[in-house]
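Commentary on secondary and tertiary structure
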Amino acid sequence: MAIVFVEGKAGAGKTTYCFDKIKENMAKGVKSVLVVPEQVSLSFEKMAVEKLGFLGQTADVLSFNRLFHRLYNDDREYVSKVGKTILMNRAIASCSSKLTVYKNCAKIRDFSGQMLKMITELKRHSVSKEELLKACENIEQANVKAKINDICIIYEKYNKLVEERGADSDENLSLLSNLVEKSEKVRETEFFIDSFSAFTGEELKVISALARCAKKVYLTLKMGEGYIFEGIERTKNKTGEFAPFETVELKENHKHKGDLLHLMENFPLITPKVYEENVENIKIVYSENSVAECENLMMDITKKVRDGGYKFKDIGVLASNMQSYSESLKEGFERYSINGYVGEKKSLLTHPAGNFVLSFLELFIKKFDSVYVMKFLKSGLTPLTFDEICILENYVLDVNIKNMQWFEEFTFKSADYNLEKINKIREKFVELTGGFVEIFKGRNTSKEYVDAIKLFMEKTDLKGSIDKLTYSYTKSGRPEIALEYRQVFNSIVSALNQFELCLGDETFGTEKLHDMLLNAFNETKISTYPPESDMVICGDSDSLRNNQFKILYILGANTGSFPAPVTSAGIIRDNERRILEKNNIILA
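In this text the structure is predicted, and so the values were computed from the model without any measurement.

Reading the values: rules and limits
Residues numbered from 1 in each chain as written. Predicted model: local features only at pLDDT ≥ 70, side-chain atom pairs only at ≥ 80, totals over all residues. Heavy atoms only, no water. Phe/Tyr/Trp six-rings, centres within 6.5 Å; stacked < 30°, edge-to-face > 60°. Buried < 20%, exposed > 50% of the residue type's maximum accessible area, 1.4 Å probe, protein only. Lys NZ or Arg CZ within 6 Å of the ring centre and 35° of its normal. Helix = DSSP H or I, 4+ residues; strand = E, 2+ residues; numbered from the N terminus. Contact = heavy atoms within 4.5 Å. Expected span 1.5 Å × (residues − 1). Polar contact = N/O pair within 3.5 Å; in protein donor to acceptor, adjacent residues only side chain to side chain. Pairing = 2+ DSSP bridges. Axes fitted to C-alpha atoms, helices over the stretch in contact; angles between N-to-C directions. Salt bridge = Lys/Arg side-chain N within 4 Å of Asp/Glu carboxyl O. Disulfide = S-S within 2.5 Å.

**Side note on the packing of aromatic side chains**
Applying the stated criterion across every chain yields a total of 28 aromatic pairs. Ring geometry for Phe68 and Tyr72: centres 5.2 Å apart, planes at 35 degrees, overall tilted. A centroid spacing of 5.8 Å and a plane angle of 65 degrees characterise the contact between Trp406 and Phe410, whose relative ring orientation is edge-to-face. Judged by its relative accessible area of 0%, Trp406 is buried. A residue is classified by how much of its surface remains accessible, and Phe410, at 3% relative accessible area, is buried. The ring centre of Phe410 lies 5.5 Å from the NZ or CZ of Arg426, which sits over that ring.

Given below as structure tokens:
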């Protein structure tokens, strides 16, 4: 039972070292588990299958959270991020009269999101409300003390609301260290912990338990010069206390050479070294606008693959703001027949199915105003055909149909319109929505609203429509969009279930339901992964770090936007974190 620190700079071969050791273990029949961050676990699974041949009883790739579920037979109902956001809003609203600093912040957009991040950070670093209050006693600065007191009040109320409704996945790691100590499986297994830039307090507790109980623990550490690596050095000193340790130092860079190696080593530093030689494998793409940049990029990639002997997977594209380049890149890949993937997380709010459900609620809020009726019908997810919608829209605009007139037979006759046909189209719309007028008129519980929305989704066969679109995109060679559509229906149902779970018997109106559902859909993210191995990968620096590119293109490299500027410090700022650190509260 020992820790092996596998040290090296970026690209030194730390991950390769882990896979080589796992391969040796497989030959001996020794069980191995590679533990990686949740966001890269899928890419590591694919890498493991390529390097090891298969995953199974003797080798596995897990995150800390998935390791918890592997060791714990868990049938609890979890409060998702959507549910947590709802409960945080309720917690802040219910205790606002007790707050001082944050007394009037309940209505500020995204304040609940910032506070939720704060509470999540406290939980992941093993900081309880009691420890925070104890530290607060020794703080002299009145403004910091008042802020910490407010956080503690919200922390307590939020925890109580979560406990009443289900389990919090943020607390799983606090249980995992005990599970590790009791598990016989752990004692027979070697663990390889790789690709973490830092560890939370709870993760360090789990590593401590693994070091005491597992057969062996390999921990990779990305070493370098400068302040940014001080945290890694502290991690080594801390974990070195858990068990006897040895160090393996990797010096040769296996992943990158020359300019790419220089970029990997110097990118995070405040005072990077200047690369004196010719830059051959990194190209900054620039033009008068983002569309022209992407056009130049596509032409250059085509030339590299056609004349330079490169494969698509050898090429990476790094952007300062991927959201602003996403559509131009996708369009360019299609026009130039380049196998490319744009890595981005989309909000359910931006998806047609999410907007379809919201536009259904807007019908009742706006009392069937014709503008909102046509918005609903033009979603493309109703049983009405495109021609039927156009015929109906022309008539409605000519006659000026208003509000509840939709539920009466249209009587205005004109030589330009077939009134009988128009009324049949109107009846299709009324059949879809008319039965829901009463429930969305007054105040109801979340269960009543959720049941009504699910009935509406069933009536319009939303799942069937999404399945058809998924099949269509798969058939037309757009697997990344098909993967996105495949997640949408379950994401909507999951968000609705969290509503029912978290809001209980509270009654409210349709307008508040719409606003809460809009926020919930905005919090629900749909992420995809590259559907093939030979693809040009586009993303930010974090998503590209584990890929072995031979050429790197950079988009949007403008002063002040690349590298991306440091964002707001959140609820607790850096100077306040230092004050807490002096009182033994260690955060990120």
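**Focus: the environment of Ile151**
One can find Ile151 in helix H7 (residues 142–165). Through-space distance from the C-alpha of Ile151 to that of Tyr102 is 8.8 Å; in sequence the pair is 49 residues apart. Apart from the residues lying within four places of it in its own chain, the contact partners of Ile151 are Tyr102, Met115, Met118, Ile119, Leu122, Leu132, Ile571 and Ile572.

**Focus on helix H13 (residues 290–307)**
Relative to the 26 Å expected for 18 residues at 1.5 Å per residue, H13 spans 26 Å between its end C-alpha atoms, a close match to the ideal helical length. Inspection of H13 places Ala292, Glu293, Cys294, Leu297, Met298, Asp300 and Ile301 among the buried residues, and these make up the whole buried set. With a side-chain oxygen lying 3.1 Å from the backbone nitrogen of Val291, the N-terminal cap of H13 falls on Asn289. Positive phi shows up at Gly309, right after H13, with a value of about 75 degrees.

**Quick notes on the sheet that holds strand S5 (residues 216–222)**
Taken in spatial order, the six strands line up as S3-S2-S4-S5-S1-S6 in an open sheet, and their pairing is parallel. What marks the edges here is a single partner per strand, and that holds for strand S3 (59–62) and strand S6 (245–250). Across the sheet, the axes of successive neighbouring strands diverge by a mean angle of 20 degrees, strand direction being ignored. With six bridges connecting them, strand S1 (residues 3–8) and S6 associate as parallel partners. From the neighbouring strand, Val4 faces S6, where its bridge partner is Glu246. The sheet strands contacting helix H1 (residues 14–28) are S1, strand S2 (31–35), S3, strand S4 (189–193), S5 and S6, and the helix crosses S5 at an angle near 165 degrees. Those strands touched by helix H3 (residues 64–71) are S2, S3 and S4, and its axis lies near 120 degrees from that of S3.

**Focus on the pairing of S2**
Burial analysis of S2 places four of its five residues in the buried class, which makes it a mostly covered element. Across five bridges, the pairing between S2 and S4 is parallel. Looking at S4, one finds that Ser32 is bridged to Glu190. Here S2 pairs with S3 via four bridges, running parallel. Across the sheet, residue Leu34 finds its bridge partner in S3, namely Val61.

**Some thoughts on the pattern of salt bridges**
Any two side chains of opposite charge can pair, given that their charged atoms come close. Across all of its chains, the model carries 34 salt bridges by this definition. For Lys441, the salt bridge is made with Glu438, and the minimal N-O distance between the two is 3.1 Å. Accessibility expressed as a relative area gives 60% for Lys441, which makes it exposed. Through salt bridges with shared partners, a single network forms among Lys84, Lys123, Arg124, Asp168, Asp170 and Glu171.

**Thoughts on the sheet that holds strand S7 (residues 282–285)**
With parallel pairing, five strands are arranged side by side in an open sheet as S7-S15-S8-S14-S9. The strands lining the two open edges of the sheet, one partner per strand, are S7 and strand S9 (340–342). Geometrically, the sheet is characterised by an average inter-axis angle of 20 degrees between neighbouring strands, direction not taken into account. Pairing geometry for strand S8 (residues 315–319) and strand S14 (residues 536–539), over three bridges, is parallel. When the sheet's bridge partners are listed, Leu318 is paired in S14 with Gly539. Along the sheet, helix H14 (residues 322–335) makes contact with S8, S9, S14 and strand S15 (551–555), crossing S9 at roughly 160 degrees.

**Let's talk about the environment of Lys402**
Examined against the element boundaries, Lys402 turns out to sit in the loop between helix H17 (386–399) and helix H18 (419–433). Spatially, the C-alpha atom of Lys402 lies 40 Å from that of Lys84, the residues being 318 residues apart in sequence.

**Quick word on the state of the cysteines**
Here the structure, examined in full by the defined rule, presents zero disulfides. Not engaged in a disulfide, the cysteine Cys136 finds its nearest cysteine sulfur in Cys152; these two sulfurs lie 6.5 Å apart. On the basis of relative accessibility, which here comes to 4%, the residue Cys136 falls in the buried class.

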